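Fold and geometry: a report
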Amino acid sequence: MFTAEKLASGIDAFTDLVGRATSWLALGIALVMGANVLLRYAFSYGFIWAQELEWHIFVPICLFGMSYALLHKEHVRVDVVFQYFSERNKHLVDAISAVISMTFCVIVILLSIPYVYQSWSIGEGTANPGGIEYRYIVKALIPIGFAIMFLQSLSEAIKSALAMRRH
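Residues numbered from 1 in each chain as written. Predicted model: local features only at pLDDT ≥ 70, side-chain atom pairs only at ≥ 80, totals over all residues. Heavy atoms only, no water.

The next thing to look at is the overall build of the chain. When helices and strands are tallied, the chain shows 5 helices and 0 strands. Secondary structure elements of the chain occur, N-terminal to C-terminal, as α-α-α-α-α. Against the compact-globule benchmark of 15 Å for 167 residues, the chain has a radius of gyration of 20 Å, which places it well outside the compact range. Along the first, second and third principal axes, the C-alpha atoms of the chain reach 60 × 40 × 30 Å. Taking all 167 residues of the chain together, the buried fraction comes to 35%. Counted over contacts in the chain with a minimum sequence separation of 6, partners at least 24 positions apart contribute 77%. For the chain, the accessible area works out to roughly 10,600 Å², and carbon and sulfur atoms hold 71% of it. The distance from the centre of the 12 positive side-chain charges to the centre of the 12 negative ones in the chain is 7 Å. (Helix = DSSP H or I, 4+ residues; strand = E, 2+ residues; numbered from the N terminus. Rg over C-alpha atoms; globule rule 2.2 N^0.38 Å. Buried < 20%, exposed > 50% of the residue type's maximum accessible area, 1.4 Å probe, protein only. Contact = heavy atoms within 4.5 Å. Areas by Shrake-Rupley, 256 points an atom, 1.4 Å probe, with all protein chains shown as cover. Lys, Arg positive; Asp, Glu negative; His and termini not counted. Charge placed at Lys NZ, Arg CZ, Asp CG, Glu CD.)

Here is a general trend for soluble globular proteins: nonpolar side chains tend to be buried in one another's company. Membership of the largest hydrophobic core is limited to 11 residues, which are V18, L63, F64, L70, C105, V108, I109, L141, F146, I148 and M149. Elements that contribute at least two residues to this core include exactly α2 (48-71), α4 (87-121) and α5 (135-166). Top contributing element to this core by residue count: α5, with 4 residues. (Core = buried A, V, L, I, M, F, W, Y, C linked by side-chain atoms within 4.5 Å.)

With that out of the way, let us pick up the pattern of salt bridges. All told, the structure shown has 7 salt bridges when counted by the stated rule. K73 is the salt-bridge partner of E156, the closest N and O atoms lying 2.5 Å from each other. On the criterion of sequence distance, the pair formed by E156 in helix α5 and K73 in the loop between α2 and α3 (79-82) is long-range, its members being 83 residues apart. For E124, the salt bridge identified is with K139, shortest N-O distance 2.8 Å. Taken together, the positions of E124 in the loop between α4 and α5 and K139 in helix α5 put the pair 15 residues apart, joining distant regions of the chain. The class for K139 is buried, based on a relative accessible area of 14%. Three or more residues are tied together by salt bridges with common partners; here these are D12, K73, E156 and K159. (Salt bridge = Lys/Arg side-chain N within 4 Å of Asp/Glu carboxyl O.)

A separate point is the environment of R77. Within the fold, R77 resides in the loop between α2 and α3. What makes R77 partly exposed here is its relative accessible area of 28%. Between the alpha carbons of R77 and F47 there is a distance of 40 Å; along the sequence they are 30 residues apart. Not counting residues within four places of it along the chain, the set of residues in contact with R77 comprises F82 and D94.

Right, let's talk about the packing of aromatic side chains for a bit. Enumeration according to the criterion identifies 6 aromatic pairs in this entry. Ring geometry for Y45 and F47: centres 5.1 Å apart, planes at 90°, overall edge-to-face. A centroid spacing of 6.0 Å and a plane angle of 65° characterise the contact between F104 and F146, whose relative ring orientation is edge-to-face. With F104 in helix α4 and F146 in helix α5, this pair connects stretches of sequence that are 42 residues apart. Classification of F104 by relative accessible area gives partly exposed; the value is 48%. (Phe/Tyr/Trp six-rings, centres within 6.5 Å; stacked < 30°, edge-to-face > 60°.)

Let's shift gears to the environment of A157. Its location among the elements puts A157 in helix α5. Given a relative accessible area of 13%, A157 falls into the buried group. Sequence separation between A157 and C105 is 52 residues; the distance between their C-alpha atoms is 14 Å. Ignoring anything within four residues of it in the chain, the contact list for A157 reads A98 and M102.

Encoded structure:
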C-alpha cells in the first residue's frame, strides 16, 4: 500500500542521492579554483573558460545542495524563538514553512521555464571569447533544482503533518 510516509521516505532517498552525487562537485570546484588562482598569481596566466567553469560547477552545487541541506536540517532557522515552542507548534511551523517553500518553488519554476526556453532556442553560449558554450544547459538546472526543492519541501510537509498527529 502506498502511504504518505513512503512517499516522504522515497523523496528523502532521492534528495540524499542527488545531494551526495552533487557533493563531489565541491572537490571539482576546489581543484578548478585552486588551479585558476595558481596560474593567475604564480604565472600571470589564465583561461576564460576555466573561470567560467567555476560558475558552471557552482550552479548545481547551489541548486541541488539546497534540497540536501533542507533534508539534513542544515538550513537557516531562527532558533531564538523556535526553541520555546511546543513540539506540536514546531511541527506546525515546519509544515507552514514547507508550504511556503513549495509555493516559492512553483513560482520560480514557472518564471524560469520561459527564461530557459529562450536560452535553449538561441543555443545561448558565452559572451566571452574563449569561454564555455552551452550556457543554456546550466540555465536548465534552475527549474530542475527548484523541482527537487519542491519535492523535498513536500516531504518535509508530510513528515511535519505526521509528527503533528503524534503530538
